[in-house]
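# Overview (structure and organization)
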Amino acid sequence: MNTTVAFSARNARRRPRLAVAVVEDLVTAIVTEVYPAGSALPPENVLCDMFEVSRTVIREATTAMTEKGLVISQQGRGTIVQDSSHWSLLDPMVLGALFQRDDGLSYLDNLIEIRVTLEASMASKAARKATPEEVAELTTQMEILESLIQTPAGYVHEDVKFHDIIMRISGDRLSEAIINSIQGKALKNLNYSGKLNVEHIKETHAAHTEVYQAILKHDGDAAAKAMRDHIEGSWKKRRPTSLKG
């Protein structure tokens, strides 16, 4: 393992929870441009007073934000906010803050575009290589989904598992990791998940059935199209016109 990565991982594990809370507040403030690029964060003593924590905690928080590409320390200027081109956009905290911006809807749209591209490809791969055992697993999941149509909250939970199974069958570990890293935070955002209702769940299940049938027939092209139509169609129905109000 790269020694720098190993060192960062050890530091992250040791970082106090209090510092994590401070980091989360400051990350949100930076990403939502309370502190715009090029500006300096308040001095250590001011941040200590703001968050009612010690200098050690503020330094831990600064280290964490530096690791995320959000800030850089400059002699004589203090802790300077970096341009967004330096940010680690796949970092969960940064992603969560991006969805809170005034232009957060564009990031949710971008997430859907990424999902469509990667998951359509993975559905195609899954259809072509699914073993009888894997098809049986997917069939069981479809039966679980069928039983939950009248229970939207339960269906949504199992919906994620349906997609997880297909991604796993595809064998495309990198695409799966990308989807999981960016969607985990989005699922907690009500603007992404939308309002739950039985009618929408019925439409979702019909779309899942299209994907499932294509995989059952080992038809890669049909599976890719069905997955693409499913993700795009579902987002079109639940997409808000604005993230405000």
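Residues numbered from 1 in each chain as written. Predicted model: local features only at pLDDT ≥ 70, side-chain atom pairs only at ≥ 80, totals over all residues. Heavy atoms only, no water.

## Things to note about the overall build of the protein chain
- For the protein chain, the count of helices and strands is 12 helices and two strands.
- The order of helices and strands in the protein chain, counted from the N terminus, is α-α-α-α-β-β-α-α-α-α-α-α-α-α.
- With 245 residues in all, the protein chain has 44% of them scored as buried.
- Here the analysis covers contacts within the protein chain between residues at least 6 apart in sequence; of these, 72% occur between residues at least 24 apart.
- Working note: accessible area of the protein chain is about 13,300 Å², and carbon and sulfur atoms make up 53% of it.
- Distance from the positive charge centre (29 side chains) to the negative charge centre (32 side chains) of the protein chain: 3 Å. (Helix = DSSP H or I, 4+ residues; strand = E, 2+ residues; numbered from the N terminus. Buried < 20%, exposed > 50% of the residue type's maximum accessible area, 1.4 Å probe, protein only. Contact = heavy atoms within 4.5 Å. Areas by Shrake-Rupley, 256 points an atom, 1.4 Å probe, with all protein chains shown as cover. Lys, Arg positive; Asp, Glu negative; His and termini not counted. Charge placed at Lys NZ, Arg CZ, Asp CG, Glu CD.)

## Focus on the pattern of salt bridges
- Scanning all chains against the criterion turns up 13 salt bridges.
- Across the pair lysine 68 and aspartate 91 runs a salt bridge, and its minimum N-O distance is 2.8 Å. Here the residue lysine 68 occupies a position in the loop between α4 (55–67) and β1 (71–74), and aspartate 91 occupies one in the loop between β2 (78–81) and α5 (92–98), the gap between them amounting to 23 residues.
- With relative accessibility at 15%, the residue aspartate 91 sits in the buried group.
- Of the charged contacts, one joins arginine 168 and glutamate 137 as a salt bridge, the two residues approaching to 2.6 Å between their closest N and O atoms. Residue arginine 168 is located in helix α8 (residues 152–170), and its partner glutamate 137 is located in helix α7 (residues 132–147); the two are separated by 31 residues in the primary sequence.
- The class for arginine 168 is partly exposed, based on a relative accessible area of 36%.
- In this structure glutamate 137 comes out as partly exposed when scored by relative accessible area, which is 30%. (Salt bridge = Lys/Arg side-chain N within 4 Å of Asp/Glu carboxyl O.)

## Re the packing of α7 against α8
- Direction vectors running N to C along α7 and α8 enclose 165°, while the axes themselves pass 10 Å from each other. Regarding the angle of α7 to α8, the classification is roughly antiparallel. Note that α7 runs across α8; the crossing there is left-handed. Contacts between α7 and α8 involve Glu134, Glu137, Leu138, Gln141, Met142, Ile144 and Leu145 from the first element and Tyr155, Glu158, Asp159, Lys161, Phe162, Ile165, Ile166, Arg168 and Ile169 from the second.
- Of the residues that constitute the contact of α7 with α8, the class distribution is nine nonpolar, one polar and six charged. (Axes fitted to C-alpha atoms, helices over the stretch in contact; angles between N-to-C directions. Parallel < 35°, antiparallel > 145°, perpendicular 65-115°, else oblique. Left-handed = near helix turned anticlockwise from the far one by under 90°. Nonpolar A, V, L, I, M, F, W, Y, C, P; charged D, E, K, R; others polar.)

## Digging into the confidence of the model for the protein chain
- Here the protein chain shows a mean pLDDT of 89. Residues at 70 or above account for 91%.
- Note that residues 1–15 has pLDDT below 50 and, in this model, seven contacts with residues that lie over four places away or in other chains. (pLDDT = per-residue confidence, 0-100.)

## Here we look at the side chain of glutamate 176
- Secondary-structure assignment places glutamate 176 in helix α9 (residues 173–186).
- With relative accessibility at 15%, the residue glutamate 176 sits in the buried group.
- Setting aside chain neighbours within four positions, we find glutamate 176 in contact with Met122, Asp164, Met167 and Arg168.

## With respect to helix α12 (residues 220–238)
- A rise of 1.5 Å per residue sets the reference length of α12, with its 19 residues, at 27 Å; its end C-alpha atoms lie 27 Å apart and thus fit the reference within 8%.
- If you check which residues of α12 are buried, you get Gly220, Ala223, Ala224, Ala226, Met227, His230, Ile231, Ser234, Trp235 and Arg238. Each buried residue of α12 sits inside an arc of 165° when the element is viewed along its axis, so together they form one side. The exposed set on the far side of α12, more than 90 degrees from its buried face, consists of Asp221, Lys236 and Lys237.
- By the N-cap criterion, in which a side-chain oxygen at the helix start approaches the backbone nitrogen of a residue two or three places on, α12 is capped by aspartate 219, the distance to aspartate 221 being 3.3 Å. (Expected span 1.5 Å × (residues − 1). Arc of directions from axis to C-beta. Polar contact = N/O pair within 3.5 Å; in protein donor to acceptor, adjacent residues only side chain to side chain.)

## Notes on the nonpolar core
- Residues Val27, Ile30, Val31, Met65, Leu70, Ile166 and Ile215 are the most contacted members of the largest nonpolar core, which totals 61 residues.
- Residues within four places of methionine 65 in sequence aside, it is in contact with Val23, Leu26, Val27, Ile30, Leu41, Leu70 and Val71. (Core = buried A, V, L, I, M, F, W, Y, C linked by side-chain atoms within 4.5 Å.)

## Section: the environment of cysteine 48
- Relative to the elements of secondary structure, cysteine 48 occurs in helix α3 (residues 44–51).
- Owing to a relative accessible area of 11%, cysteine 48 belongs among the buried residues under this scheme.
- Each C-alpha atom, one on cysteine 48 and one on isoleucine 58, is 6.7 Å from the other, the two residues being 10 residues apart in sequence.
- Cysteine 48 has contacts with Val53, Ser54, Arg55 and Ile58, leaving out every residue within four places of it along the chain.

## Points about the packing of helix α6 (residues 104–129) against α9
- Axis separation between α6 and α9 bottoms out at 10 Å; the angle between their running directions is 150°. Between α6 and α9 lies a crossing of left-handed hand. Residues Leu108, Leu111, Ile114, Arg115, Leu118, Glu119 and Met122 of α6 touch α9, and the partners they reach there are Ser175, Glu176, Ile178, Ile179, Ile182, Gln183 and Ala186.
- Partitioning the contact of α6 with α9 into residue classes produces nine nonpolar, two polar and three charged.

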